[in-house]
Amino acid sequence: MKYKFPQDLYTEVRIEDTKNACYSMQNDDVLANSETLIKGAMIRVFDGNLWYTAQTNDTDTKSIQKKIDELAAIAKPNKAILENPIVKNFSVNKAEILKFQGKNSLRNLTKKDREDIVKHYRKKCIDKSIPEIKVTYPTFYYFSKIKELYTSKGTELKQDYQRCRFSLWYEITGREGVAYGGGKQLWGFNFNELKKHEAEIIEARDRAVDFAKNNTPVVPGEYVCVLAPTVTSVFTHESFGHKSEADFMLNDKTLQKEWTMGKQVANPKVSIVDEGDTLHHGYCPYDDEGNKKKEVYLIKDGILSGRLHDAKSAAALGEEPTGNARAQDFNYGPMVRMTNTYMLAGNDKPEDIIKGVKDGIYVYDWNYGTGQSTFTIQPQKCYRIRDGKLAEPLLVNVVTGNVFQTLFDIDAVGTDLEFFSGTCGKNGQSMPTATGGPTIRVKKLTIN
């Protein structure tokens, strides 16, 4: 062990080496062309009652040891610290998992690489002859992190993460001069994953322009709704994933009673899982407390089966940690966060799900979603379903429903599971996550 940890206290050191870069434009003007390198560490000492924390950008062993000693001097030694329920939940792991080094490391990209991909997609995908498109925003961004964790119980972990994104967004003037947004964003773990998507970007552009020109306002009411995979994914994340984060219920006895394990909470066709091992953008083999990320079925065949924990929430509720303690960076302490959270595929063909609707609404994509007991999704584009076929574009301001009632009202789950990359915000911290889901049909949702 490289540090001398104080006796009768629990101590952890989390060191991070981060690099990110961005190149963005607005029409013909460059808005940003930046590259940032940050090294830093969070040191935490726990005496069984309070946490004592410090951050530093001096990550050499001597400087971090000095911070450890300073924190230990103000903490109260506790001979029973290893019997503390939270400390007992910190498992001991040693591993080095570096998936993003070598030739595919985003840190190898040059300023020219960033500029070239933006210029390429501008040339291929922006058509200045389309009068409805008023402003364009092409952007490339990448993020790379190597982090280490050392604890006084013996954990020694080193792991890395990276992802990149190209996006092309438009401001479009549509029917009756109303302004709309639209576009396409691409995510990848390496640079090559962002290449050769011209056809997808152009299709998204043309669909957005067509929608802006030809949509009709919906008549508010309750409708049978078919959710596209991306909409199912945000419903799963916002409406059920956040409710599964156990720190929300520590001081809420009503919520604890509502969330009794083994309770039927959804149609038996519905299963939702959170896991961090597969290479989607919530990839997280070990969390920021050093616990191995477990696969957790939140709902299995309609039955409430699990929830997400850090060491504290698991100790408070008498359950096992699930490896979901994550921190945005070394300036923040970890808290319960999702990783790869998705609704599993079912057995219904997507085309049959739509065919089964006489009169309803197809929710194609979304701008934002929120949810606790009641969820809200603001769609970007919707389409009417008439006699089992997609019809005219439909302007919908908001889709809402009760979370549990909606889970019971899902009567078809498609075979077409897709994953999406996202960034989840909670209590001032942003984390990379993956969402996922198939096409689903809901018997009734409120549309305005």
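For clarity, every value in this text was computed on a predicted model and none was experimentally measured.

Cut-offs applied
- Residues numbered from 1 in each chain as written.
- Predicted model: local features only at pLDDT ≥ 70, side-chain atom pairs only at ≥ 80, totals over all residues.
- Heavy atoms only, no water.
- Helix = DSSP H or I, 4+ residues; strand = E, 2+ residues; numbered from the N terminus.
- Expected span 1.5 Å × (residues − 1).
- Buried < 20%, exposed > 50% of the residue type's maximum accessible area, 1.4 Å probe, protein only.
- Arc of directions from axis to C-beta.
- Pairing = 2+ DSSP bridges.
- 1 Å grid on protein atoms, 1.4 Å probe; cavity = no way out; pocket = protein on both sides within 12 Å on 5 of 7 lines; lining within 4 Å.
- Points joined across faces, edges and corners; volume = space filled by probe spheres on them.
- Nonpolar A, V, L, I, M, F, W, Y, C, P; charged D, E, K, R; others polar.
- Axes fitted to C-alpha atoms, helices over the stretch in contact; angles between N-to-C directions.
- Parallel < 35°, antiparallel > 145°, perpendicular 65-115°, else oblique.
- Left-handed = near helix turned anticlockwise from the far one by under 90°.
- Contact = heavy atoms within 4.5 Å.

Participant: What am I meant to see in helix H1 (residues 61-74) here?
Facilitator: An α-helical turn contains 3.6 residues, so a residue and the one three or four places further along point in the same direction. Here H1 is 14 residues long and its end C-alpha atoms lie 21 Å apart, about the 20 Å a rise of 1.5 Å per residue gives. Those residues of H1 that sit buried are Ile64, Gln65, Ile68, Leu71 and Ala72. All buried residues of H1 lie within an arc of 125 degrees about the axis, which places them on one face of the element. For H1, the exposed residues lying more than 90 degrees away from the buried face are Lys62, Lys66, Ala73 and Ile74.

Participant: How should the pairing of strand S9 (residues 221-227) be read in this particular structure?
Facilitator: One face of the sheet, then the other: side chains in a regular strand alternate in exactly this way. Sheet topology places S9 next to strand S25 (residues 440-447); six bridges connect them, and they run antiparallel. Bridging across to S25, Tyr223 finds its partner in Leu445. As judged from the four bridges shared by S9 and strand S16 (residues 359-363), these two strands associate in the parallel manner. Considered in S16, the bridge of Val226 is made with Tyr362.

Participant: Explanation requested: the layout of surface pockets in the structure shown.
Facilitator: Over the atoms a probe the size of a water molecule is rolled, and this reveals where empty space is left. Here the largest pocket defines a volume of roughly 1400 Å³. The wall of the largest pocket is formed by 47 residues, among which Lys184, Gln185, Thr230, Trp366 and Phe420 lie closest to the centre. Every element with two or more residues in the lining of the largest pocket is listed here: strand S7 (179-188), helix H4 (198-214), helix H5 (229-241), helix H8 (350-355), strand S17 (366-371), strand S23 (418-426) and strand S24 (429-437). Top contributing element to the lining of the largest pocket by residue count: S23, with eight residues. Computed from the structure, the second largest pocket encloses a volume of approximately 510 Å³. If you list the elements that add at least two residues to the lining of the second largest pocket, you get strand S1 (10-26), strand S5 (133-151), strand S6 (156-173) and S24. The leading source of residues in the lining of the second largest pocket is S6, at five residues. For the lining of the second largest pocket, a count of residues per class yields 13 nonpolar, seven polar and seven charged.

Participant: Help me out: how do you make sense of the packing of helix H3 (residues 111-125) against H4 in this one?
Facilitator: As a packed pair, H3 and H4 sit with axes 10 Å apart at the nearest point and diverge in direction by 55 degrees. Classified by the angle their axes make, H3 and H4 are oblique. The two elements H3 and H4 cross, and the hand of that crossing is right-handed. Between H3 and H4, the residues in contact are His120, Tyr121, Lys124 and Cys125 and Glu198, Ile201, Ile202 and Arg205, respectively. Classifying every residue of the contact of H3 with H4 gives four nonpolar, one polar and three charged.

Participant: How should I be thinking about the sheet that holds strand S15 (residues 340-343) in this particular structure?
Facilitator: Strand order across the open sheet formed by six strands is S12-S11-S10-S15-S24-S23, with mixed pairing between neighbours. Each end of this open sheet is capped by a strand with a single partner; those strands are strand S12 (303-304) and S23. The pairing of S23 with S24 spans nine bridges and is classified as antiparallel. Pairing of Thr423 across the sheet is with Pro432, part of S24. Along the sheet, H5 makes contact with strand S10 (272-275), strand S11 (296-300), S12, S15, S23 and S24, crossing S24 at roughly 130 degrees.

Participant: Explain H3 to me, please; I cannot follow it from the model alone.
Facilitator: For H3, spanning 15 residues, the distance from its first C-alpha to its last is 22 Å, which sits close to the expected 21 Å at 1.5 Å a residue. All of the buried residues in H3 are Arg114, Glu115, Ile117, Val118, Tyr121, Arg122 and Cys125. Here the buried residues of H3 occupy an arc of 160 degrees about the axis, which is enough to place them on one side. Opposite the buried face of H3, by more than 90 degrees, sit the exposed residues Lys112 and Lys123. Of the surrounding elements, those touching the buried residues of H3 are S1, strand S2 (29-46), S5, S6, S7 and H4.

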